[in-house]
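The lines below spell out each chain.
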Amino acid sequence: MSKLFEYFKIIGNLKQVNRTGWVHRKVNNPESVAEHMYRMAMMSWALPSNTDLDRDKCMKIALIHDMAESLVGDITPWCGISKENKSKMEKEATDHICKLVGEEVGKEMYNLWMEYETQSSPEAQFVKDLDKFEMLVQAFEYEQRDNKPGSLQSFYDRAKLKYKFSTDLVQGWCDDLIEKRAATLKDKSDSDSTSSEQSSIVEQRNQAVIALPSKRDGEEKREL
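Reading the values: rules and limits
Residues numbered from 1 in each chain as written. Predicted model: local features only at pLDDT ≥ 70, side-chain atom pairs only at ≥ 80, totals over all residues. Heavy atoms only, no water. 1 Å grid on protein atoms, 1.4 Å probe; cavity = no way out; pocket = protein on both sides within 12 Å on 5 of 7 lines; lining within 4 Å. Points joined across faces, edges and corners; volume = space filled by probe spheres on them. Helix = DSSP H or I, 4+ residues; strand = E, 2+ residues; numbered from the N terminus. Nonpolar A, V, L, I, M, F, W, Y, C, P; charged D, E, K, R; others polar. Buried < 20%, exposed > 50% of the residue type's maximum accessible area, 1.4 Å probe, protein only. Axes fitted to C-alpha atoms, helices over the stretch in contact; angles between N-to-C directions. Parallel < 35°, antiparallel > 145°, perpendicular 65-115°, else oblique. Contact = heavy atoms within 4.5 Å. Salt bridge = Lys/Arg side-chain N within 4 Å of Asp/Glu carboxyl O.

Topic: the layout of surface pockets
Now for step 1: In this model, the largest pocket occupies a volume close to 1,300 Å³.
Now for step 2: Put simply, the parts of the chain that give the lining of the largest pocket at least two residues each are α2 (20-24), α6 (83-98), α7 (103-118), α8 (122-145) and α9 (153-162).
Now for step 3: Along the lines of polarity and charge, the residues of the lining of the largest pocket split into 13 nonpolar, nine polar and 14 charged.

What follows is the structure in structure tokens.
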């Protein structure tokens, strides 16, 4: 049982590991790795019934793909660690964690993690797409929550530059998200424009009132 309780504790660490990208951008109250993986698993569960993908396998990969971060943290390009060292650290961490559970389960967990790392199955490719898509959804939600439309555009720019979706399904979800976000940005732009015009009208009206001669001014002129 001691090994199993160590496993429970290590996995629990994921609830305390904040996602580095949001921390780097100083997002208030950023999500944890556990929250990120949980939503990915629930997204996998929502797979359409007509897909050829193994839903249960996708959910398992989603729940395990960042498991190593419970020991090594969320390593990103901002951390200054090479891809080779990152891969080595995560592989060693995953191997350690998988040895804390039963042999059969541990072997399944490790094989699914390797499958994700090597992108050797349609399910692994789907979950990789989800990893990027969930990030974009979260960025949009932070922009809305903090009333800062467009403030996390860099995450969209980087995803477009560095990543190409492998599955038409997630690509379609992403297209819908981008359309929804664009509409929000337009609404904000139109609102700001209207507010600016209204402020300008009010300012012009105030200036006009200031420029009008007062009744007292007229009386003084007649007395002269």
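What to know about unusual backbone geometry
Glycine aside, residues mostly have negative phi angles, and peptide bonds mostly take the trans form.
Now for step 1: At N29, a position not held by glycine, the phi torsion is positive, near 50°.
Now for step 2: Tracing the chain through its elements places N29 in the loop between α2 and α3 (33-45).
Now for step 3: A positive phi angle, close to 55°, is found at Q119, a residue other than glycine.
Now for step 4: By the element assignment, Q119 lies in the loop between α7 and α8.
Now for step 5: A relative accessible area of 23% places Q119 in the partly exposed class.

Some points on the packing of helix α4 (residues 55-64) against α7
Now for step 1: Across the interface, α4 lies against α7 with an axial gap of 9 Å and an inter-helix angle of 85°. Viewed along their axes, α4 and α7 adopt a mutual orientation that is roughly perpendicular. Taking contact as the criterion, the partners of K57, K60, I61 and I64 in α4 are, on α7, E108, M109, L112, W113, E115 and Y116.
Now for step 2: Taken together, the residues of the contact of α4 with α7 break down into six nonpolar, no polar and four charged.

So, the pattern of salt bridges
Now for step 1: Summed over all chains, the structure comprises ten salt bridges.
Now for step 2: Residue E31 pairs with R19 through a salt bridge whose shortest N-O separation is 3.3 Å. Of the two residues, E31 sits in the loop between α2 and α3 while R19 sits in the loop between α1 (2-12) and α2, which places them twelve residues apart along the sequence.
Now for step 3: You can call E31 buried: its relative accessible area is 5%.
Now for step 4: A salt bridge links R145 to D146, with the nearest nitrogen and oxygen atoms 2.9 Å apart.
Now for step 5: With a relative accessible area of 39%, R145 lands in the partly exposed category.
Now for step 6: Through salt bridges with shared partners, one network takes in R39, E134 and E141.

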